[in-house]
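One letter stands for each residue in the lines below.
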Amino acid sequence: MDKILVLHGPNLNLLGTREPEIYGHTTLEDINRMLDVRAREAGLQADFLQSNYEGKLIDVIQQASANGYAFIILNAAAYTHYSIAIRDAIAAITVPVIEVHLSNIHTREKFRHQSVIAPVVLGQICGFGVDSYMAAMEIVICRLRREEKA
Ligand code: DQA
């Protein structure tokens, strides 16, 4: 069974109460539950981790291949905009990463327009709330099915 790692960065543990006018009322637990249901339906195993620590995120990105993950869905939150260390960790591995954001980072404050990880990920999905994550999961499912057939 293919395994997917869903990684959430800093402050995403506060979803539901954190700036609901931007991030909505859905909690991180709700998001993980929805992703888990879809992954199981598709015959995949999804594992979830949220961390407020850059080093923890880097550790799990580095270990993704050894731990058997076929894909990473990553919301690096604020680290997106300045963590060269997370960017380098993604560049160092062969496991494909899809970058997601709940909000549209390109229509918000200027400092959010830049993603330092964007050049080293497969693609970026932002601005669709929870559906940014769900769309990423659909892409993972499509890609893995196509690989199975090939
Ligand atoms: C975010 C956007 C980031 O700019 C912000 O720092 C976050 C969440 C999003 O999902 O919209 O924490 O990644």
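Residues numbered from 1 in each chain as written. Predicted model: local features only at pLDDT ≥ 70, side-chain atom pairs only at ≥ 80, totals over all residues. Heavy atoms only, no water.

### What about the packing of aromatic side chains?
Right, on to step 1. All told, the structure shown has one aromatic pair when counted by the stated rule.
Right, on to step 2. With a centroid separation of 5.8 Å and an interplanar angle of 65°, the aromatic rings of Y79 and Y82 are classed as edge-to-face.
Right, on to step 3. A relative accessible area of 10% places Y79 in the buried class.
Right, on to step 4. Overall, the relative accessible area of 52% leaves Y82 in the exposed class.
Right, on to step 5. Above the face of the Y69 ring, K3 is positioned so that its terminal group lies 4.6 Å from the ring centre. (Phe/Tyr/Trp six-rings, centres within 6.5 Å; stacked < 30°, edge-to-face > 60°. Buried < 20%, exposed > 50% of the residue type's maximum accessible area, 1.4 Å probe, protein only. Lys NZ or Arg CZ within 6 Å of the ring centre and 35° of its normal.)

### A closer look at the side chain of H8
Right, on to step 1. By the secondary structure assignment, H8 is in strand 1 (residues 3-8).
Right, on to step 2. H8 gets classed as buried once you look at its relative accessible area, which sits at 0%.
Right, on to step 3. Polar side-chain contacts of H8 include one of 2.9 Å to the side chain of Y133.
Right, on to step 4. Each residue touching H8, except ones within four places of it in the same chain, is listed here: L28, I31, N32, F48, L49, Q50, S51, L57, N75 and Y133. (Helix = DSSP H or I, 4+ residues; strand = E, 2+ residues; numbered from the N terminus. Polar contact = N/O pair within 3.5 Å; in protein donor to acceptor, adjacent residues only side chain to side chain. Contact = heavy atoms within 4.5 Å.)

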